[in-house]
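# A look at the structure
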Amino acid sequence: MKKKLLILGSDYGTLDTVRTAQEMGLYVVVTDTMSTSPTKRAADEAWMISTTDIDTLEAECRRHDIAGIAYGASDFNINNGRKLCKRLGLPVYCEDDRAWEIANNKSEFKKVCRKVGAPVAKDYYLNDKLNDEEIDMITFPVVVKPVDKSGNRGMSYCYDKEQLKTAWAHARSISDNPVIVVERMLKGPEYAVNYVIADGEPRLLYFSAEHHQPGQAANLYSVINTQPLHLRQYLDEVNDKVIELLKEVGCREGVAWVECMRDEDGKFYLLEMGYRYGGEMTYVPYKLVRGFDTIKWMIEISMGQKHQVSDLPSGLNGLETATAASYYMFSHQAGTIERIDGLEKIESLPGVFVDFPKREGNQVRGKAAMGIIRIYGETIQDLVSKIRLINENLRITDKENKGMFIYFDDYGALIDDFEAGIKEFC
């Protein structure tokens with residue numbers, strides 16, 4: 001009889017988890033309050049139970065003999081799953097509550113950064129009541145953001161006191177924590193650096209750059225791709241400190257990431273971390289670059305398998321030639337999706353993986369991701385060629401037949417950065 005895996009939610013990465021778990025011989029159940037989703041359609045069984053309804057889920061898991069709980073790229077659902085696993089006596093992702101708190105609180109994260117000497121920008125912290133004395137201490141320009149949200153939610157750029165007050169109110173409106181972080185505004189490219197962890201030992205998995213479409217907001221990253229530009233500097237100056245940081249936080253197994261910026265002063269500064277999948281889920285095409293199956297790794301953890309340090313990937317083979325990327329389909333404006341054309345053709349392309357939770361009839365917030373298309377390229381030119389094909393074939397329109405998503409076509413930037421990075425390793 002097949003062992004059963006329950007997946008909480010239909011988030012990014014859950015469709016890949018269903019498919020991989022089934023390949024591993026597991027029976028897969030998905031639960032959330034969505035009537036249907038690509039994840040639910042692919043699963044062996046679907047439940048209409050909220051991931052917050054821990055009491056009902058506990059009873060159903062016992063009744064159906066669920067052997068493990070898995071998640072996509074969602075702090076929310078991992079947190080629900082940790083509660084559920086503790087009740088059921090199943091393997092708990094991030095058993096250390098302190099580690100989970102630090103990974104989800106920018107203030108606590110930065111305290112640990114300073115303790116181990118990892119580079120962070122100067123910052124300030126505002127509480128639930130603003131006063132002029134606190135504001136007078138701040139040197140502008142700054143970035144304002146909640147301590148407990150990721151993916152740029154609630155973030156604002158401020159150049160004066162009035163903008164700061166507005167930004168503080170916005171951050172407080174979406175945050176569950178009364179503390180708001182204000183930090184020196186850095187200017188430069190951002191990078192997402194991913195690690196895999198076994199027996200308390202973190203290992204660099206991949207280094208990726210975040211690119212926005214020219215003319216769009218700088219933090220609206222349409223394409224995130226693995227590339228070697230500035231990787232040598234990161235390895236020399238930052239990597240060892242991040243490994244020390246992850247150990248100090250208490251990350252024992254699984255995956256983790258840090259987001260950092262290379263400021264105009266030429267130095268890297270850490271911005272935040274996550275002890276889960278990165279939302280872009282570049283792990284999927286990256287398997288073809290590195291040969292390491294991150295999805296399988298995380299399912300094994302959910303099912304109670306303990307990995308050894310010898311199981312970790314070593315070296316950086318392939319990073320200087322092949323590349324993997326995630327292409328976010330960000331919306332121009334809020335609206336309802338009327339039609340999606342071209343997905344079937346795009347899904348048939350070799351090395352292209354579609355993760356598209358939003359479908360016809362779904363409402364979309366402005367500047368929000370409707371889906372992700374993940375891409376493997378044997379070379380950077382191959383990767384760019386596939387992005388061109390996506391742009392030529394994919395169309396998402398609203399009821400007025402207006403295009404809804406932001407096309408990324410700054411191909412030259414992708415090629416120039418990649419080729420400049422290769423020279424750093426010659």
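Residues numbered from 1 in each chain as written. Predicted model: local features only at pLDDT ≥ 70, side-chain atom pairs only at ≥ 80, totals over all residues. Heavy atoms only, no water.

## Concerning the environment of Pro-313
Inspection of the secondary structure assignment puts Pro-313 in the loop between α12 (294–302) and β14 (323–330). A sequence separation of 250 residues divides Pro-313 from Arg-63, and the C-alpha atoms of the two residues are 38 Å apart. Sequence-distant contacts of Pro-313, defined by excluding residues within four places in its chain, comprise Val-196, Arg-203, Leu-205, Arg-290 and Phe-292. (Helix = DSSP H or I, 4+ residues; strand = E, 2+ residues; numbered from the N terminus. Contact = heavy atoms within 4.5 Å.)

## A few points about the sheet that holds strand β12 (residues 254–262)
With antiparallel pairing, the 8 strands of this open sheet are ordered in space as β13-β12-β9-β10-β11-β14-β19-β17. Of all strands in the sheet, those bounded by a partner on one side alone are β13 (268–274) and β17 (352–355). Taking each pair of neighbouring strands and ignoring which way they run, the sheet shows an average axis angle of 25°. The sheet contact formed by strand β10 (residues 201–212) and strand β11 (residues 221–226) spans 5 bridges and is antiparallel. For His-212, the partnering residue across the bridge sits in β11 and is Tyr-221. (Pairing = 2+ DSSP bridges. Axes fitted to C-alpha atoms, helices over the stretch in contact; angles between N-to-C directions.)

## Here we look at the environment of Thr-323
With respect to the helices and strands, Thr-323 occurs in strand β14. Beyond its immediate stretch of four places on either side in the chain, Thr-323 contacts Asn-225, Thr-226, Val-289, Ile-375, Tyr-376, Gly-377, Thr-379, Ile-380, Leu-383 and Phe-418. Within the structure, the side chain of Thr-323 is placed 2.5 Å from the backbone oxygen of Thr-226, a separation counted as a polar contact. (Polar contact = N/O pair within 3.5 Å; in protein donor to acceptor, adjacent residues only side chain to side chain.)

## What about the pattern of salt bridges?
Close approach of charged atoms allows side chains with opposite charge to pair. According to the stated counting rule, one finds 29 salt bridges in the structure shown. Across the pair Arg-374 and Asp-16 runs a salt bridge, and its minimum N-O distance is 2.5 Å. One end of the pair, Arg-374, is in strand β19 (residues 369–377); the other, Asp-16, is in helix α1 (residues 14–23), and 358 residues separate them in sequence. With a relative accessible area of 0%, Arg-374 lands in the buried category. With a shortest N-O distance of 3.0 Å, Glu-58 and Arg-87 are connected by a salt bridge. Of this pair, Glu-58 sits in helix α3 (residues 54–64) while Arg-87 sits in helix α4 (residues 75–88), and the two are 29 residues apart along the sequence. Judged by its relative accessible area of 40%, Arg-87 falls in the partly exposed class. Via salt bridges that share partners, Lys-110, Arg-114, Asp-123, Lys-145 and Glu-183 belong to a single interconnected network. (Salt bridge = Lys/Arg side-chain N within 4 Å of Asp/Glu carboxyl O. Buried < 20%, exposed > 50% of the residue type's maximum accessible area, 1.4 Å probe, protein only.)

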